[in-house]
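# A look at the structure
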Amino acid sequence: MNKKRYALWTSTVVAASLLLSGCQLLTGYQKIDEAENAKAWAGKIQPIADEVNIACIGTYHCEIARIDKTLIIGADTHEPINPAMLVALKGANGKDRLGNKHVQTSMHTNMTMSPLAHRNEIKIVPLSASGMPGLTNYYARVKPAKREIQVNFYPQNNMGYVERFAMIHDFVDADTYQLRAYQKKSHDKSGSLLETASPEPLCVELLQGSKVQRRFCKQLDTDHQGEFVEISMVQAVSSAPKAKKIAA
């Protein structure tokens, strides 16, 4: 009698486990099919000879919205606008998007990354999970050239609050570049109560490798009306503001 009860209990547990795992796999595939986005994450930027890698960091979420006149990530969908730009990754235990099984992972992913064919070609690589659930961080691959980059930063865990940043930069060297957003911590406690109570301005640094090349800070005065203004690096070194982390 006890053996029968044990056998029945065991079969019930196994059936429930299979049903649960089946639902999880189905849900995963449904999301992949709907979004046409990453099935696996690179986990880190993978340099390729004679190419420029551009990523954004520092907030809950950020997206490279546009490079020159080419739209990259949709502001509404938060996914690549052109699926043909997306680099297919392979999970450690999975197959590519045309295969059957796939596991989303940020470790030991195999990449199918061919060199860019020409100067105007742009590729997008899924980098990691976003600080906002369900979203993915991507980085872009381009050839060295003078380019206009537009990035959408989300300083709060709120898709309704976005800071749009744009700059023109001559990416001369084939290297890894990051646009890092942070809040400038002011050391000046003087001023009116309204001024001291105002939020700390958002700044964006352009890093080439680990070295800061340029810095932009949002101006809260009425003359610039919340625009990002480039800060001289000589002034930046002398003042050396501390970065206040935004993302959780």
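Before reading further, recall that the structure is shown in the block above.
Here's a quick rundown of the structure. (Residues numbered from 1 in each chain as written. Predicted model: local features only at pLDDT ≥ 70, side-chain atom pairs only at ≥ 80, totals over all residues. Heavy atoms only, no water.)

Moving on: the overall build of the chain. Summing up its helical and strand segments, the chain has 3 helices and 14 strands in all. Across the 248 residues in the chain, those meeting the buried criterion constitute 39%. Long-range contacts, defined here as pairs at least 24 residues apart, represent 61% of the contacts in the chain between residues at least 6 apart. When the accessible surface of the chain is split by element, carbon and sulfur atoms take 54% of a total near 14700 Å². (Helix = DSSP H or I, 4+ residues; strand = E, 2+ residues; numbered from the N terminus. Buried < 20%, exposed > 50% of the residue type's maximum accessible area, 1.4 Å probe, protein only. Contact = heavy atoms within 4.5 Å. Areas by Shrake-Rupley, 256 points an atom, 1.4 Å probe, with all protein chains shown as cover.)

Residue placement: Asn53 occurs in strand β1 (residues 52-57). Overall, the relative accessible area of 1% leaves Asn53 in the buried class. Beyond its immediate stretch of four places on either side in the chain, Asn53 contacts Ile45, Gln46, Pro47, Ile48, Tyr139, Ala140, Arg141, Asp175, Thr176 and Tyr177.

Counting through the fold element by element, Thr176 comes out in strand β10 (residues 176-184). Under the relative-accessibility criterion, Thr176 is labelled buried at 17%. A sequence separation of 124 residues divides Thr176 from Val52, and the C-alpha atoms of the two residues are 5.9 Å apart. In contact with Thr176, not counting residues within four places along its chain, are Ile45, Pro47, Asn53, Leu207, Gln208 and Gly209.

On to the packing of aromatic side chains. The full count for this structure, using the stated rule, is 3 aromatic pairs. Between Phe165 and Phe216, the aromatic rings sit 5.2 Å apart at their centres with planes inclined by 70°, giving edge-to-face as the arrangement. Placement of Phe165 in strand β9 (residues 163-171) and of Phe216 in strand β12 (residues 211-218) is noted, with a sequence separation of 51 residues between them. Accessibility expressed as a relative area gives 1% for Phe165, which makes it buried. Plain terms: the ring middles of Phe171 and Tyr177 are 4.8 Å apart, the flat faces sit at 90° to each other, and that makes the pair edge-to-face. An identical accessibility class is assigned to Phe171 and Tyr177; each is buried. Three or more aromatic residues joined by ring pairs make a cluster, and in this case those are Phe165, Phe216 and Phe228. (Phe/Tyr/Trp six-rings, centres within 6.5 Å; stacked < 30°, edge-to-face > 60°.)

Let's shift gears to empty space enclosed by the protein. If you walk through the whole model with that rule in mind, you get 2 cavities of 30 Å³ or more. Roughly 40 Å³ of internal volume is contained in the second largest cavity. Forming the boundary of the second largest cavity are Cys56, Cys62, Glu63, Ile64, Ile73, Thr136, Asn137 and Tyr138. Contributing elements (two or more residues each) for the lining of the second largest cavity: β2 (61-67) and β7 (136-142). Classifying every residue of the lining of the second largest cavity gives 5 nonpolar, 2 polar and 1 charged. (1 Å grid on protein atoms, 1.4 Å probe; cavity = no way out; pocket = protein on both sides within 12 Å on 5 of 7 lines; lining within 4 Å. Points joined across faces, edges and corners; volume = space filled by probe spheres on them. Nonpolar A, V, L, I, M, F, W, Y, C, P; charged D, E, K, R; others polar.)

Applying the stated criterion to the full structure yields 7 salt bridges. Residue Arg214 pairs with Glu230 through a salt bridge whose shortest N-O separation is 2.8 Å. Of this pair, Arg214 sits in strand β12 while Glu230 sits in strand β13 (residues 228-231), and the two are 16 residues apart along the sequence. With relative accessibility at 17%, the residue Arg214 sits in the buried group. (Salt bridge = Lys/Arg side-chain N within 4 Å of Asp/Glu carboxyl O.)

The next point concerns the state of the cysteines. Tallied over the entire structure, the rule returns 2 disulfides. Residue Cys56 pairs covalently with Cys62 via a disulfide, S to S 2.3 Å. Judged by the torsion about the S-S bond (100°), the Cys56/Cys62 disulfide is right-handed. For the residue pair Cys56 and Cys62, the accessibility class agrees, reading buried in each case. Here Cys203 is linked by a disulfide to Cys217, with a sulfur-sulfur distance of 2.0 Å. One quick way to see it: the torsion about the S-S bond of Cys203 and Cys217 is about 105°, and its sign makes the bridge right-handed. Of this pair, Cys203 sits in strand β11 (residues 202-208) while Cys217 sits in strand β12, and the two are 14 residues apart along the sequence. (Disulfide = S-S within 2.5 Å.)

Glancing now at the sheet that holds β2. Judged by pairing direction, the sheet is antiparallel, and its 4 strands sit side by side in the order β3-β2-β8-β9 without closing on themselves. Each end of this open sheet is capped by a strand with a single partner; those strands are β3 (70-71) and β9. Examined bridge by bridge, strand β8 (residues 145-154) and β9 share 9 bridges and lie antiparallel to one another. Within β9, the position partnered with Val151 by the bridge is Phe165. (Pairing = 2+ DSSP bridges.)

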